[in-house]
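For reference, the chains in residue letters:
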Amino acid sequence: MDTLTAEMDQPRVGHDAIASARDEWLKVMAWRIGITVVGLGVWEGISGRWVKPFWISSPSAIWAQLFGWYESGDLWMHIEITMTETVLGFVFGAVSGVAFGLALGLNKRLAAVLDPFVIAFYSLPKIALAPLFILWFGVGLLSKVVMATFVVFFLVFYNTYAGTLAVEQELVDVLRLMGATRWQIVRKVILPSVLLWIFTGMKISVPYALIGAVVGEMMASNKGLGYLIQASAGQYDTAGVFAALFVLMIIATGLHELLKQSEKLMLRWKEEST
Amino acid sequence: MTPLIEYRGIARRFTTRRGTVTACEHVDLTVHEGEFLAIVGPSGCGKSTLLNMAAGLLQPSAGAVFYRGEKVAEPNTRVGYMTQRDTLLPWRSVEDNVAIALELRGESRAERLRKAHDWLHRVGLKGFESAYPGQLSGGMRRRVSMARTLAYEPETILMDEPFGALDAQLRLVMHDELLKLWAATKTTMVFVTHDLMEAVTLADRVAVFSPRPGRIRAIETVDLPRPRDVFRIRFDPRFGELHDRLWGYLEENVREGVRVG
Ligand SMILES: Nc1ncnc2c1ncn2[C@@H]1O[C@H](COP(=O)(O)OP(=O)(O)O)[C@@H](O)[C@H]1O
Ligand SMILES: [Mg+2]
């Protein structure tokens, strides 16, 4: 809206302000790098001197381990497995969660009938189901995908359902008076209102998809980052445990950043429309 | 004159945790086809409640509302309702909000946008077609709501304090527009306001309500000739007489309210 934005006062940012903001950023970055270098240095220094590497390993050993996995091609294979499980679990869980959430939200009778069952399953710690899924679906990819799907499903379902309950009745009424059919009301009022809730549910469920996959791998599997952690620990290979954790940390941070960016896009949409 | 909306022996009570409130009672009122009826009364006397019942969004606790002789039992699609609260869809641009009823009817996009733009122009919102409701002021949103209600030409229009948020000048401009359109279409209008001047300027008849529980205190016919010049009619002596008489009924309310309170 040109007319509107033109009316709004843009804060005038002078060169000084820009320069000092950049200075501030550089300082922050310098501190971060400093902390990292010192932290790694101290770790390397005390390892083998004051604390046994068995307990804390050392940055150089972890690096060597990572490099070894990289060279053998194992690293990518494990990352790929874990990411596949996470992504598939997220997609299946989100799609089925939205579908089921809408079905219940649009059908009061169905919601009333299923309410106690839904609550019961929702309250169950989902992780406790991992052994059962492994029993049913084996030690391969499938059991982890099911695990992640299950965790994501409930989060997305619950948010979608709550969204349908939060739809403003007045908006629905106005369209009804205009002669809208039920399906038109769903398409033009309910779905757009619920969209924001669906996105929120998806957002919070991404890290849980990763957790679901990794926990499943730790229980029983021969591939994936969860397996790497479990297997390394089983061989008292501390460097291996740390190396796998490090990779997991990078992936989780990456997902977090991805979510932050997608949220920014969402907020822009919301700002324009609310 | 054909009766279009009939309120017969209406009462409506609301039960909340804090007890039961009687919004209105003993309401008998007939709205004739093609007339412009204004409902005036203090805040909380059940004016919005009455409109909700005519729209079929609310059922009376006693009595019944009839539309063309049939009991209103479900949402009444013959009426266009501009509610007191803002009900624009925040995710739709202004033009798409105005065009929504036409969209529901399956009119082509070009056709409905043409109508929407025409209405936006009439309510003084040219240039805001692609803005979102959240970017507009309260008064502008009210005008979008009005354009949306008028754009699909319902047989009857219910308006609940539509111009409360507008400044005095703009309000007069909107009165002018509304009367022109009403003269052209002969739509039946039920117009709720707490502004007596507005009621007398616009209406054929004015119903004055008592404070809660709302009852009809008086119904006056406004015999000012049409077309009316909304900018000057206030200075007409007949306007003054009518206004004074109606104010008398409202004043009783105010004084009673003071005595009781
Ligand atoms: N849905 C509701 N639930 C409970 N009380 C209500 C409801 N709607 C209206 N009321 C009460 O009924 C009375 C009349 O309300 P309303 O019709 O909105 O008055 P008005 O439009 O004349 O200001 C008020 O006291 C209000 O609090
Ligand atoms: Mg009201």
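Above this text is the structure in question.
The structure reproduced in this document is the subject of the present report. (Residues numbered from 1 in each chain as written. Chains lettered and ligands numbered in written order. Predicted model: local features only at pLDDT ≥ 70, side-chain atom pairs only at ≥ 80, totals over all residues. Heavy atoms only, no water.)

So, the site of ligand 1
All names here are of chain B. Looking at ligand 1, the residues that line it are Phe 14, Thr 16, Val 21, Ala 23, Ser 43, Gly 44, Cys 45, Gly 46, Lys 47, Ser 48, Thr 49 and Arg 212. Measuring from an oxygen atom of ligand 1, one finds a backbone N or O atom of Gly 44 at 2.7 Å. Within the complex, the protein chains bury 65% of what would otherwise be the 560 Å² of accessible surface of ligand 1. When contributions to the shell around ligand 1 are tallied by element, the ones reaching two or more residues are strand E1 (3-16), strand E2 (19-32) and helix H1 (47-54). In terms of residue class, the shell around ligand 1 is made up of 4 nonpolar, 6 polar and 2 charged. (Near = heavy atom within 4 Å. Polar contact = N/O pair within 3.5 Å; in protein donor to acceptor, adjacent residues only side chain to side chain. Areas by Shrake-Rupley, 256 points an atom, 1.4 Å probe, with all protein chains shown as cover. Helix = DSSP H or I, 4+ residues; strand = E, 2+ residues; numbered from the N terminus. Nonpolar A, V, L, I, M, F, W, Y, C, P; charged D, E, K, R; others polar.)

Some details on the nonpolar core
All names here are of chain B. Grouped together as the largest cluster of nonpolar side chains are 50 residues, with contacts concentrated most on Phe 36, Met 146, Met 159, Leu 178 and Val 206. No other element matches helix H5 (residues 138-151), which puts 6 residues into this core. Among residues more than four places away in sequence, those in contact with Leu 178 are Phe 36, Met 146, Met 159, Phe 163, Met 189, Phe 191 and Leu 202. Within the second largest apolar cluster, 28 residues are counted, among which are Leu 50, Leu 51, Met 53 and Val 79. (Core = buried A, V, L, I, M, F, W, Y, C linked by side-chain atoms within 4.5 Å. Buried < 20%, exposed > 50% of the residue type's maximum accessible area, 1.4 Å probe, protein only. Contact = heavy atoms within 4.5 Å.)

Regarding the coordination of the magnesium ion (ligand 2)
Tetrahedral coordination by four donors places them ideally at 109.5 degrees to one another around the metal; octahedral coordination by six donors ideally gives 90 or 180 degrees. Residue and element names in this part refer to chain B. Those donors, Ser 48 (OG) and Gln 84 (OE1), are the protein atoms that reach the magnesium ion (ligand 2), and they lie 2.0 to 2.1 Å from it. Placement of Ser 48 in helix H1 and of Gln 84 in the loop between strand E6 (79-82) and helix H2 (94-98) is noted, with a sequence separation of 36 residues between them. Here Ser 48 falls in the partly exposed class, since its relative accessible area comes to 22%. (Donors = N, O, S within 2.8 Å, 3.2 Å for Na, K, Ca; no water.)

Describing the sheet that holds strand E4 (residues 62-67) of chain B
Adjacent strands of a sheet form backbone hydrogen bonds with each other and so pair up, either parallel or antiparallel. Residue and element names in this part refer to chain B. Ordered by their spatial adjacency, 4 strands build an open sheet running E2-E1-E4-E5, and the pairing between neighbours is antiparallel. Single-partner strands in this sheet number two, and they are E2 and strand E5 (70-71). Across 5 bridges, E1 lies against E4 in antiparallel orientation. Bridge pairing in E4 places Tyr 7 opposite Val 65. Of the strands in this sheet, E1, E2 and E4 are in contact with H1, which crosses E1 at around 120°. (Pairing = 2+ DSSP bridges. Axes fitted to C-alpha atoms, helices over the stretch in contact; angles between N-to-C directions.)

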